[in-house]
Amino acid sequence: FRHAPKALFMTASFASVEVLLEEILKHPEVVADKLIVAYNYLKQYLNHDHVSYETINKQLDFVHHEMRQANRLQIAIADKKLKLAFQPIIDSLTGETAWYECLMRLYDYQGQLRSVGPLVPVAEKYGFIDRVDDFVLELVMQSAEQHPGAQFSFNISGLCVLNSRWLKRVTKLFSDRPDLANRIIIEITENALLSDLGKAAYFVVSLQQLGFQVALD
(Lines give C-alpha, C1' and ligand atoms only; values in the text may rest on other atoms or scores of the structure.)
Protein backbone atom coordinates (compact mmCIF):
# COMPACT_ATOMS: atom_id res chain seq x y z
CA PHE A 1 0.00 0.00 0.00
CA ARG A 2 1.45 3.31 -1.03
CA HIS A 3 0.42 6.72 0.28
CA ALA A 4 -0.53 9.25 -2.33
CA PRO A 5 1.96 12.13 -2.43
CA LYS A 6 0.79 15.17 -0.53
CA ALA A 7 0.28 18.38 -2.43
CA LEU A 8 2.73 21.17 -1.63
CA PHE A 9 1.49 24.73 -1.94
CA MET A 10 3.82 27.71 -2.09
CA THR A 11 3.31 31.43 -2.34
CA ALA A 12 5.92 33.64 -3.97
CA SER A 13 6.10 37.41 -4.23
CA PHE A 14 8.11 39.37 -6.77
CA ALA A 15 9.04 43.04 -6.80
CA SER A 16 11.44 45.26 -8.67
CA VAL A 17 13.84 47.85 -7.28
CA GLU A 18 15.71 50.57 -9.13
CA VAL A 19 19.42 51.01 -8.38
CA LEU A 20 22.23 52.51 -10.42
CA LEU A 21 24.90 50.29 -11.94
CA GLU A 22 27.52 52.82 -10.85
CA GLU A 23 26.42 52.41 -7.22
CA ILE A 24 26.59 48.62 -7.45
CA LEU A 25 30.18 48.81 -8.72
CA LYS A 26 31.48 51.55 -6.40
CA HIS A 27 29.35 51.28 -3.26
CA PRO A 28 27.87 47.78 -2.90
CA GLU A 29 27.34 48.29 0.84
CA VAL A 30 25.09 51.28 0.11
CA VAL A 31 23.13 49.20 -2.39
CA ALA A 32 22.69 46.50 0.26
CA ASP A 33 21.26 49.12 2.66
CA LYS A 34 18.90 50.34 -0.03
CA LEU A 35 17.68 46.83 -0.77
CA ILE A 36 16.87 46.31 2.92
CA VAL A 37 15.02 49.64 3.00
CA ALA A 38 13.16 48.72 -0.17
CA TYR A 39 12.20 45.33 1.28
CA ASN A 40 10.77 46.96 4.43
CA TYR A 41 8.98 49.54 2.31
CA LEU A 42 7.32 46.83 0.20
CA LYS A 43 6.30 44.91 3.33
CA GLN A 44 4.62 48.07 4.62
CA TYR A 45 2.85 48.82 1.34
CA LEU A 46 1.71 45.39 0.17
CA ASN A 47 -0.11 46.79 -2.85
CA HIS A 48 3.20 48.02 -4.32
CA ASP A 49 5.46 45.80 -6.42
CA HIS A 50 8.07 48.36 -7.47
CA VAL A 51 10.25 50.88 -5.66
CA SER A 52 11.71 53.75 -7.64
CA TYR A 53 15.23 55.07 -7.19
CA GLU A 54 13.88 58.34 -5.75
CA THR A 55 11.66 56.54 -3.26
CA ILE A 56 14.55 54.38 -2.02
CA ASN A 57 16.71 57.46 -1.44
CA LYS A 58 13.93 59.23 0.43
CA GLN A 59 13.30 56.18 2.59
CA LEU A 60 17.02 55.75 3.28
CA ASP A 61 17.31 59.41 4.29
CA PHE A 62 14.36 58.92 6.63
CA VAL A 63 15.97 55.85 8.21
CA HIS A 64 19.22 57.74 8.73
CA HIS A 65 17.27 60.60 10.33
CA GLU A 66 15.54 58.17 12.69
CA MET A 67 18.86 56.60 13.65
CA ARG A 68 20.36 60.01 14.42
CA GLN A 69 17.34 60.83 16.57
CA ALA A 70 17.61 57.49 18.36
CA ASN A 71 21.33 58.02 18.98
CA ARG A 72 20.70 61.53 20.26
CA LEU A 73 18.08 60.33 22.73
CA GLN A 74 20.21 57.45 23.99
CA ILE A 75 23.17 59.78 24.57
CA ALA A 76 20.89 62.19 26.46
CA ILE A 77 19.74 59.34 28.71
CA ALA A 78 23.30 58.13 29.32
CA ASP A 79 24.49 61.66 30.09
CA LYS A 80 21.36 62.44 32.15
CA LYS A 81 20.51 65.38 29.91
CA LEU A 82 16.76 64.82 30.00
CA LYS A 83 14.76 67.19 32.19
CA LEU A 84 11.22 67.42 33.48
CA ALA A 85 8.92 70.34 32.81
CA PHE A 86 5.96 70.72 35.17
CA GLN A 87 2.57 71.63 33.72
CA PRO A 88 0.12 72.67 36.45
CA ILE A 89 -3.30 71.01 36.22
CA ILE A 90 -5.91 73.40 37.62
CA ASP A 91 -8.95 72.29 39.59
CA SER A 92 -11.95 73.83 37.78
CA LEU A 93 -13.87 74.23 41.04
CA THR A 94 -11.24 75.79 43.28
CA GLY A 95 -8.96 77.37 40.71
CA GLU A 96 -5.99 75.90 42.54
CA THR A 97 -3.32 73.56 41.21
CA ALA A 98 -4.46 69.97 41.68
CA TRP A 99 -1.24 68.37 40.50
CA TYR A 100 1.66 68.83 38.11
CA GLU A 101 1.97 66.85 34.90
CA CYS A 102 5.59 65.84 34.29
CA LEU A 103 6.66 66.37 30.68
CA MET A 104 9.99 65.16 29.38
CA ARG A 105 12.26 67.73 27.76
CA LEU A 106 15.55 67.51 25.86
CA TYR A 107 18.04 70.25 25.02
CA ASP A 108 18.35 70.81 21.28
CA TYR A 109 21.51 71.86 19.47
CA GLN A 110 20.76 75.52 20.23
CA GLY A 111 20.48 74.86 23.96
CA GLN A 112 16.68 75.19 24.01
CA LEU A 113 14.46 72.70 25.81
CA ARG A 114 12.26 70.75 23.42
CA SER A 115 9.60 68.09 23.89
CA VAL A 116 10.75 64.48 23.73
CA GLY A 117 7.31 63.47 22.42
CA PRO A 118 8.34 63.23 18.73
CA LEU A 119 11.21 60.92 19.71
CA VAL A 120 9.07 58.42 21.62
CA PRO A 121 7.99 56.48 18.48
CA VAL A 122 11.66 56.24 17.50
CA ALA A 123 12.56 54.82 20.92
CA GLU A 124 9.73 52.30 20.60
CA LYS A 125 10.78 51.30 17.09
CA TYR A 126 14.45 50.80 18.01
CA GLY A 127 13.69 48.95 21.23
CA PHE A 128 14.91 51.23 24.02
CA ILE A 129 11.68 52.87 25.18
CA ASP A 130 12.09 51.05 28.50
CA ARG A 131 15.21 53.14 29.15
CA VAL A 132 13.15 56.28 28.62
CA ASP A 133 10.42 55.04 30.97
CA ASP A 134 13.04 54.12 33.60
CA PHE A 135 14.60 57.56 33.44
CA VAL A 136 11.26 59.35 33.69
CA LEU A 137 10.30 57.19 36.66
CA GLU A 138 13.50 58.13 38.50
CA LEU A 139 13.02 61.85 37.82
CA VAL A 140 9.40 61.79 38.99
CA MET A 141 10.44 59.96 42.17
CA GLN A 142 13.12 62.60 42.84
CA SER A 143 10.58 65.38 42.29
CA ALA A 144 8.14 63.79 44.74
CA GLU A 145 10.91 63.52 47.33
CA GLN A 146 12.00 67.13 46.85
CA HIS A 147 8.45 68.55 46.95
CA PRO A 148 6.53 66.68 49.68
CA GLY A 149 3.45 68.87 49.34
CA ALA A 150 2.95 68.37 45.62
CA GLN A 151 1.25 65.70 43.53
CA PHE A 152 2.57 64.60 40.13
CA SER A 153 1.46 62.68 37.07
CA PHE A 154 3.38 61.22 34.17
CA ASN A 155 2.78 59.12 31.07
CA ILE A 156 4.28 55.73 30.42
CA SER A 157 4.63 54.07 27.04
CA GLY A 158 2.14 51.43 25.99
CA LEU A 159 4.88 48.80 26.04
CA CYS A 160 5.27 49.25 29.81
CA VAL A 161 1.99 47.46 30.39
CA LEU A 162 3.47 44.27 28.93
CA ASN A 163 6.93 44.78 30.44
CA SER A 164 7.24 42.72 33.61
CA ARG A 165 10.77 44.04 34.18
CA TRP A 166 9.49 47.63 34.42
CA LEU A 167 6.81 46.62 36.92
CA LYS A 168 9.45 44.86 39.03
CA ARG A 169 11.55 48.03 38.97
CA VAL A 170 8.61 50.17 40.11
CA THR A 171 7.90 47.69 42.90
CA LYS A 172 11.53 47.74 44.05
CA LEU A 173 11.65 51.55 44.14
CA PHE A 174 8.26 52.17 45.79
CA SER A 175 7.43 49.07 47.85
CA ASP A 176 8.44 50.87 51.04
CA ARG A 177 7.58 54.40 49.87
CA PRO A 178 3.77 54.69 49.91
CA ASP A 179 4.26 58.32 50.96
CA LEU A 180 5.61 58.98 47.45
CA ALA A 181 3.41 56.61 45.46
CA ASN A 182 0.26 58.13 46.97
CA ARG A 183 1.16 61.45 45.33
CA ILE A 184 1.88 60.09 41.86
CA ILE A 185 -0.62 59.46 39.07
CA ILE A 186 0.48 57.10 36.31
CA GLU A 187 -1.26 57.76 33.00
CA ILE A 188 -1.73 54.92 30.53
CA THR A 189 -3.19 55.07 27.04
CA GLU A 190 -6.41 53.17 26.44
CA ASN A 191 -4.87 51.30 23.49
CA ALA A 192 -2.15 49.94 25.78
CA LEU A 193 -4.75 48.47 28.12
CA LEU A 194 -6.67 46.86 25.27
CA SER A 195 -3.58 45.12 23.86
CA ASP A 196 -3.77 42.39 26.53
CA LEU A 197 -6.61 42.79 29.02
CA GLY A 198 -5.32 40.13 31.44
CA LYS A 199 -1.82 41.57 31.74
CA ALA A 200 -3.19 45.11 31.77
CA ALA A 201 -5.50 44.32 34.70
CA TYR A 202 -2.63 42.75 36.66
CA PHE A 203 -0.41 45.75 35.84
CA VAL A 204 -2.97 48.31 37.03
CA VAL A 205 -3.83 46.41 40.24
CA SER A 206 -0.14 46.02 41.05
CA LEU A 207 0.42 49.76 40.72
CA GLN A 208 -2.63 50.55 42.83
CA GLN A 209 -1.44 48.19 45.56
CA LEU A 210 1.79 50.20 45.73
CA GLY A 211 -0.29 53.33 46.28
CA PHE A 212 -0.30 54.86 42.81
CA GLN A 213 -3.35 56.31 41.16
CA VAL A 214 -3.82 55.06 37.61
CA ALA A 215 -5.56 57.15 34.96
CA LEU A 216 -6.40 56.73 31.30
CA ASP A 217 -4.70 59.26 29.07
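The structure this text deals with has already been given above.
Residues numbered from 1 in each chain as written. Predicted model: local features only at pLDDT ≥ 70, side-chain atom pairs only at ≥ 80, totals over all residues. Heavy atoms only, no water.

1. Examining helix α6 (residues 164-174)
No. 1: Among the residues making up α6, those that are buried are Trp166, Leu167, Val170 and Phe174. For α6, the buried positions fall inside an angular range of 100 degrees around the axis, keeping them on one side. Along α6, the residues that are exposed and aim more than 90 degrees away from the buried face are Lys168 and Lys172.
No. 2: Along its buried surface, α6 packs onto α5 (129-146), α7 (178-181), β7 (184-188) and α9 (197-210).
No. 3: Near the N-terminus of α6, the side chain that reaches the backbone nitrogen of Arg165, with its oxygen 3.0 Å away, is that of Asn163. (Buried < 20%, exposed > 50% of the residue type's maximum accessible area, 1.4 Å probe, protein only. Helix = DSSP H or I, 4+ residues; strand = E, 2+ residues; numbered from the N terminus. Arc of directions from axis to C-beta. Contact = heavy atoms within 4.5 Å. Polar contact = N/O pair within 3.5 Å; in protein donor to acceptor, adjacent residues only side chain to side chain.)

2. Description of α5
No. 1: Along its 18 residues, α5 runs 26 Å from first to last C-alpha, staying within 8% of the 26 Å computed at 1.5 Å per residue.
No. 2: Among the residues of α5, Ile129, Val132, Asp133, Asp134, Phe135, Val136, Leu137, Leu139, Val140, Met141, Ser143 and Ala144 are the ones counted as buried. (Expected span 1.5 Å × (residues − 1).)

3. Section: the side chain of Glu101
No. 1: Looking at the secondary structure, you find Glu101 in strand β4 (residues 97-107).
No. 2: For the buried Glu101, which has no salt bridge, the nearest side chain bearing the opposite charge is Arg105, at an N-O separation of 8.8 Å.
No. 3: Those residues in contact with Glu101 that lie beyond four places of it in its chain are Ala85, Phe86, Gln87, Ile89, Ser153, Asn155 and Glu187. (Lys, Arg positive; Asp, Glu negative; His and termini not counted. Salt bridge = Lys/Arg side-chain N within 4 Å of Asp/Glu carboxyl O.)

Just distances and angles here, no functional claims.
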